[in-house]
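One letter stands for each residue in the lines below.
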Amino acid sequence: MAKRLLLLMGALITCAVLGACAGQNSSCPEGGFNSISVKKYSNFTPGKLWLDNNGRHINAHGAGFLHDNGRYYMFGEHKLGGALGNKALVGVHCYSSDDLYNWKDEGIAFKMSRDPESKVIIGTVLERPKVLYNPKTKKYVMFFHLEFRQGPTKKSLNIDDIRKEKNDYSAANIGFAVADKITGPYKFVGSTRLHANKFPVNASESLKKLVAQNKNFDNISELGNSVKNGTVDDLFAKHFKIGQTCRDFTAFLDDDGKAYIISASEGNGTLYVSELNDDFLGFTGKYTRNLIGGFHEAPAIFKTKGKYYMFSSHCTGWNPNPGRVSVSDNIMGEWRELGNPCRGEGQVESSTYRAAKADTTFRSQSTYVIPVQGKADAFIYFGDRWHPYDAMDGRYIMLPVEWEGDMPVIRWRNSWNLSFFDSKK
Ligand code: DGJ
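What this report covers is the structure whose coordinates are included nearby.

What counts and what doesn't
Residues numbered from 1 in each chain as written. Predicted model: local features only at pLDDT ≥ 70, side-chain atom pairs only at ≥ 80, totals over all residues. Heavy atoms only, no water. Pairing = 2+ DSSP bridges. Helix = DSSP H or I, 4+ residues; strand = E, 2+ residues; numbered from the N terminus. Axes fitted to C-alpha atoms, helices over the stretch in contact; angles between N-to-C directions. Core = buried A, V, L, I, M, F, W, Y, C linked by side-chain atoms within 4.5 Å. Buried < 20%, exposed > 50% of the residue type's maximum accessible area, 1.4 Å probe, protein only. Contact = heavy atoms within 4.5 Å. Near = heavy atom within 4 Å. Polar contact = N/O pair within 3.5 Å; in protein donor to acceptor, adjacent residues only side chain to side chain. Areas by Shrake-Rupley, 256 points an atom, 1.4 Å probe, with all protein chains shown as cover. Nonpolar A, V, L, I, M, F, W, Y, C, P; charged D, E, K, R; others polar. Parallel < 35°, antiparallel > 145°, perpendicular 65-115°, else oblique. Left-handed = near helix turned anticlockwise from the far one by under 90°. Salt bridge = Lys/Arg side-chain N within 4 Å of Asp/Glu carboxyl O. Phe/Tyr/Trp six-rings, centres within 6.5 Å; stacked < 30°, edge-to-face > 60°. Lys NZ or Arg CZ within 6 Å of the ring centre and 35° of its normal.

**Remarks on the sheet that holds strand β3 (residues 91–97)**
As summarised here, the arrangement of the four strands in space is β1-β2-β3-β4, forming an open sheet in which the pairing is antiparallel. Edge positions in the sheet fall to β1 (61–68) and β4 (104–111), since each has one partner strand and no second. For this sheet, the mean inter-axis angle between neighbouring strands, taken without regard to orientation, is 25°. Note: β3 against β4, six bridges, orientation antiparallel. By the bridge assignment for β4, Tyr95 is matched with Asp105.

**Points about the nonpolar core**
Considering soluble globular proteins, one finds that nonpolar side chains tend to be buried as a cluster. Of all hydrophobic cores here, the largest spans 47 residues; its most connected members are Trp50 and Ile380. Aside from chain neighbours lying at most four places away, what touches Ile380 is Phe44, Leu100, Tyr368, Val369, Ile370, Val372, Met398, Leu399, Val401, Trp416, Leu418 and Phe421. Core analysis: the next-biggest nonpolar cluster, separate from the first, contains 31 residues, Leu194, Val211, Leu235 and Ala237 among them.

**Considering the site of the ligand**
Surveying the vicinity of the ligand reveals the residues Glu127, Arg128, Tyr169, Asp248, Glu297, Gly317, Trp318 and Gln365. The side chain of Arg128 places a nitrogen or oxygen atom 2.8 Å from an oxygen atom of the ligand. Across the complex, the protein chains shield 91% of the 300 Å² of accessible surface that the ligand would expose by itself. Counted by class, the shell around the ligand contains two nonpolar, two polar and four charged residues.

**Examining the packing of helix α3 (residues 205–212) against helix α4 (residues 232–239)**
For the pair α3 and α4, interaxial distance at closest approach is 9 Å and the crossing angle is 50°. As summarised for this structure, α3 and α4 are arranged oblique, according to the angle between their axes. When the axes of α3 and α4 are compared, the crossing they make is right-handed. Residues Leu207, Leu210 and Val211 of α3 lie in contact with α4, whose contacting residues are Asp233, Asp234, Phe236 and Ala237. Split by residue class, the contact of α3 with α4 holds five nonpolar, no polar and two charged.

**Quick look at the environment of Lys209**
In this fold, Lys209 is placed in helix α3. Judged by relative accessible area, Lys209 falls into the exposed class, the value being 58%. For the pair Lys209 and Ala237, spaced 28 residues apart in sequence, the C-alpha separation works out to 9.7 Å.

**Re the pattern of salt bridges**
Applying the stated rule across the entire model yields 23 salt bridges. Across the pair Arg289 and Glu266 runs a salt bridge whose closest N-O atoms are separated by 2.7 Å. Of this pair, Arg289 sits in strand β14 (residues 283–290) while Glu266 sits in the loop between β12 (259–265) and β13 (270–276); the two residues are 23 residues apart in sequence, bridging distant segments of the chain. By relative accessible area, Arg289 is classed as buried at 5%. Residues joined in a network through salt bridges with shared partners are Glu147, Glu222 and Arg247.

**Notes on the packing of aromatic side chains**
Within the structure shown, the criterion is met by 31 aromatic pairs. Following the ring pairs from residue to residue traces out a cluster consisting of Trp50, Phe65, Trp103, Tyr368, Phe382 and Tyr396. The ring of Trp403 has Lys305 sitting right over it, with the charged end atom 4.8 Å from the ring centre.

**Some details on the pairing of β3**
Side-chain positions along a regular strand alternate between the two faces of the sheet. Along β3, seven of the seven residues are buried, which leaves the element largely enclosed by surrounding structure. Two elements, strand β2 (residues 71–77) and β3, share six bridges in a ladder whose sense is antiparallel. Considered in β3, the bridge of Glu77 is made with Val92. Counting the residues in the hairpin turn of β3 and β4 gives six residues, including Leu100, whose phi is positive at 75°.

None of this, on its own, says anything about what the molecule does.
In structure tokens:
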């Protein structure tokens, strides 16, 4: 069995390096992998290979989910093998499912461009895609964290040039794309930093004064998990005119039809909740700063019993860290941290897996919380077990959200299914 999996992975990697497993235009032999009998799942097995209807490991990292016309859709980063795989060379992969266990490959919903002038040229960094349906425009809107290639080869389509470029996270944009059909194709609309020249609705007087001072903030820089030579307020003031940074984020549609982007901003130091405008392709200008200076990444929001809950992480790059969960009565805040939601022993070490304990969110980082349709208060924590040196082999951790009083918690389970939620009633 192990040998068969190795063979399968080898074939997948070869295929992905050739850019061939991206859906249509595949140069993989027709039916090549389909000859491997495709397993029908009736359980979730977090951390294991998760094969789609063609027998390929699902390639949708940093995923977002949407339930639409009776089906679930998953959108995620299509990664390649090796470390190069963290660059966006293919695009956003879409899958669909009617039971959350078994997923059909719907192909590449958003394709990276081969136009050297495009902001979404192959080889950029495009992360954590999320999709919402806008009933007013009748369009599907895709959002993603977008970074730009930098340096002398930034317009090159040559794979060796792309390989040599260091991933650059300084642009910190949010990108927008739209489609008429949920599975795409999504057309790139544009990208931006956040809220240039605008204060949040909860701006303190001291923040306003700091900006008014118009100081030189050249020596203030962000390191992803701290601000060098200053504070997050200094960073806010530094970026006031050019717009605030937007990296890890999620998109959330509220019951009243209003939609929001929740983003790690100010060098990941502060979480922003930003109201989207009517077409979801820009912002109304109403936004709040939350958990200021708390350094969160990976926000994933859900709403139940009139409250908003948010899983998130600390900022340690691709390395996992202790998870976090926060609560608020209002989407715009004030958010309150509840602590690490992970409980129990975690994944016990085996011949195949290293131990995965609560202090590393069971070796995962949150990306979404899936509301299970047709079951009251049933939510699934969904996270990535990143594999940065063989990006395509990243695994998915899906665990049921449980409760300790008013605090959502998660426990490791090697295998579980949706009947979990019935037994909790
Ligand atoms: C952690 C983020 O959550 C990921 O999406 C990615 O940006 C990595 N950092 C890059 O190091």
